[in-house]
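# Topology and contacts: notes
Residue strings, one per chain:
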Amino acid sequence: MSYLIGAGILDKDQVDASYDGSPSYFVAAAGKAAQQGFASSEPYTYEHQVSSWDRPVVYQLVADTGFDTYKSTLAVRTGDLAKDSACLKRLVPVLQRSTADYLAAPDAANTLIVDSVAKYDTGWSYDADNARFAVRAMLDQGIVGTGPGLGGFDMARVAHILDLTRPIFAAGKVQPAADLTPDRLATNEFIDPAITLSK
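Okay, so let's go over this structure. Since we're looking at a predicted model, the values are computed, not measured. (Residues numbered from 1 in each chain as written. Predicted model: local features only at pLDDT ≥ 70, side-chain atom pairs only at ≥ 80, totals over all residues. Heavy atoms only, no water.)

Right, let's talk about the overall build of the protein for a bit. Summing up its helical and strand segments, the protein has eight helices and two strands in all. When the backbone C-alpha atoms are referred to their principal axes, the protein occupies close to 55 × 45 × 30 Å. Counting only residues that meet the buried cut, the protein has 26% of its 199 residues in that class. Put simply, of all contacts in the protein between residues at least 6 apart along the chain, 64% involve residues at least 24 apart. Put simply, the protein shows about 13,300 Å² of open surface, and 55% of that area lies on carbon and sulfur atoms. Each charge class in the protein can be summarised by its mean position, and for the 17 positive and 24 negative side chains these summaries are 5 Å apart. (Helix = DSSP H or I, 4+ residues; strand = E, 2+ residues; numbered from the N terminus. Buried < 20%, exposed > 50% of the residue type's maximum accessible area, 1.4 Å probe, protein only. Contact = heavy atoms within 4.5 Å. Areas by Shrake-Rupley, 256 points an atom, 1.4 Å probe, with all protein chains shown as cover. Lys, Arg positive; Asp, Glu negative; His and termini not counted. Charge placed at Lys NZ, Arg CZ, Asp CG, Glu CD.)

Listed below in structure tokens is the structure:
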């Protein structure tokens, strides 16, 4: 949000940070207010599960505004990297293969996810149709994709995000290390380039 305001895409007075995951504000505003969410979930949910809306929504990826981050990356403390390297060399390709396998044949995992959501009963609603929608959306919109191997980093993209976030952190009185570079922040060292995404 700080990027969207700082880039002049949104004015500060347009932003309401009270969103709690409920569709109530969006529905009450008759869809005139934009709301954050996941392109792999909320469009389906609003059209099929929110009876007070019950129609398609128009949406845009935040990445399309220039803020193309990497979501939910595997992170290791810099000081632990050497110690954990042997593990990461084995673990990362397993994660790559499991991601590729899931996207190629998601039904078994989706059943487990849907059952788990029901059993944990946290107020979040997720059904098999939503799970199928999520996989298709991730593939069709390039939300998950193959760089130098599935899950690899594009260092130019990492550099761009560093450039965008430095002034945001500085405005919040947090100063990233001056010598922080893309190759110190991310690595493809453990990626198996042979593991790719097949649609």
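Structure's up, so let's keep going.
For the rest of this paragraph, the subject is the pattern of salt bridges. According to the stated counting rule, one finds six salt bridges in the structure shown. The residue Asp84 makes a salt bridge to Lys83 at a minimum N-O spacing of 3.2 Å. One salt bridge in this structure joins Arg136 and Asp140, with 3.1 Å as the shortest N-O distance. Of this pair, Arg136 and Asp140 both sit in helix 6 (residues 128–140), four residues apart, which is roughly one turn of that helix. Judged by relative accessible area, which is 53%, Asp140 ranks as exposed. (Salt bridge = Lys/Arg side-chain N within 4 Å of Asp/Glu carboxyl O.)

Let us look at the nonpolar core. The biggest cluster of nonpolar side chains holds seven residues, and these are Ala100, Leu103, Val135, Leu139, Val144, Leu150 and Leu197. Looking at this core, the elements with two or more residues in it are helix 4 (81–104) and helix 6. Apart from residues lying up to four places away in sequence, Leu197 is in contact with Leu103, Leu139, Val144, Gly145, Thr146 and Leu150. (Core = buried A, V, L, I, M, F, W, Y, C linked by side-chain atoms within 4.5 Å.)

A cluster of nonpolar side chains, contributed by Leu74, Leu91, Val94 and Leu95, occupies part of the molecular surface with about 310 Å² of accessible area. As for its position among the elements, Leu95 is in helix 4. Classification of Leu95 by relative accessible area gives partly exposed; the value is 37%. (Patch = residues over 30% accessible without salt bridge, like charges linked within 9 Å, V, L, I, M, F, W, Y side chains within 5 Å.)

Let us now look at the packing of aromatic side chains. Here a ring pair, both rings aromatic, is described through the centre-centre distance and the interplanar angle of the planes. In this structure the tally under the stated criterion is six aromatic pairs. Their ring planes at 20° and their centres at 5.0 Å tell us that Tyr3 and Phe67 sit as a pair that is stacked. Taken together, the positions of Tyr3 in helix 1 (residues 2–6) and Phe67 in the loop between helix 3 (42–48) and helix 4 put the pair 64 residues apart, joining distant regions of the chain. We classify Tyr3 as buried; its relative accessible area is 13%. Through a chain of ring-to-ring contacts, three or more aromatic side chains come together here, namely Phe26, Tyr46 and Trp53. It is Arg55 that lies over the ring of Trp53; its NZ or CZ is 3.6 Å from the centre. Its end group placed over the ring of Tyr70, Arg157 keeps NZ or CZ at 3.8 Å from the ring centre. (Phe/Tyr/Trp six-rings, centres within 6.5 Å; stacked < 30°, edge-to-face > 60°. Lys NZ or Arg CZ within 6 Å of the ring centre and 35° of its normal.)

This next bit is on unusual backbone geometry. Although it is not a glycine, Ser72 sits at a positive phi angle of roughly 55°. Along the chain, the position of Ser72 falls in the loop between helix 3 and helix 4. On the basis of relative accessible area, Ser72 is assigned to the exposed category, the value being 67%. The phi torsion at Asp121 lies on the positive side, around 45°, for a residue other than glycine. Residue classification places Asp121 among the exposed residues on the basis of a relative accessible area of 63%.

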